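Secondary and tertiary structure notes
These are the residues of each chain, in order.
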Amino acid sequence: MSSDKVDLSQIRGDWDFHSRYVTNAMEHTLKRANKYWRELKKASRKKGQVPVDGELMEEFIEACMQTRALTDDYLILIECKPTAKRKTKKKAKKKVVKKTTAAKAKKKAKKKAGGRK
């Protein structure tokens, strides 16, 4: 893992896109690892053991290594998670719009009442 923060917006898309991507990759990798584990248990010759050599074990180990790499991706996502500042700005804009609308309504009321006072 790098010590510098990663700016995901420079890579492609946004934080939500990358979060969904990593989650989907993790789900598929875990399914694959579980599938290989079941197959290893079926191929066992003794109860409580699995074959430790062969292509099936290599595939299982590869799937486990990929889940480890994906957990690193989650750590990066934690570091890069957007702050709540964006929501605060949107709320501030809404208040300004409401104030502006209220000010316009007040002006119209003054005009109807006969002008400035």
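Right, let's walk through the structure included here. (Residues numbered from 1 in each chain as written. Predicted model: local features only at pLDDT ≥ 70, side-chain atom pairs only at ≥ 80, totals over all residues. Heavy atoms only, no water.)

Across all of its chains, the model carries one salt bridge by this definition. Of the charged contacts in the structure, one is a salt bridge between D72 and R68, with a shortest N-O distance of 2.7 Å. With D72 and R68 both in helix α3 (residues 55–80) and four residues apart, the pair spans about one turn of that helix. (Salt bridge = Lys/Arg side-chain N within 4 Å of Asp/Glu carboxyl O. Helix = DSSP H or I, 4+ residues; strand = E, 2+ residues; numbered from the N terminus.)

Below, the discussion takes up the environment of E58. Residue placement: E58 occurs in helix α3. With relative accessibility at 56%, the residue E58 sits in the exposed group. Between the C-alpha atoms of E58 and Y36, which are 22 residues apart in sequence, the distance is 9.6 Å. (Buried < 20%, exposed > 50% of the residue type's maximum accessible area, 1.4 Å probe, protein only.)

What follows covers α3. Because each turn of an α-helix spans 3.6 residues, side chains separated by three or four positions end up pointing in the same direction. If you check α3, its first and last C-alpha atoms are 38 Å apart, about what 26 residues at 1.5 Å a residue would give, namely 38 Å. All buried positions along α3 are accounted for by M57, F60, A63, T67, L70, L77 and C80. (Expected span 1.5 Å × (residues − 1).)

To continue, consider the side chain of T29. Tracing the backbone through its elements, the reader meets T29 in helix α2 (residues 15–42). A polar contact is formed between the side chain of T29 and the backbone oxygen of A25, at a distance of 2.8 Å. Beyond its immediate sequence surroundings of up to four residues, T29 is in contact with A63, Q66, T67 and L70. (Polar contact = N/O pair within 3.5 Å; in protein donor to acceptor, adjacent residues only side chain to side chain. Contact = heavy atoms within 4.5 Å.)

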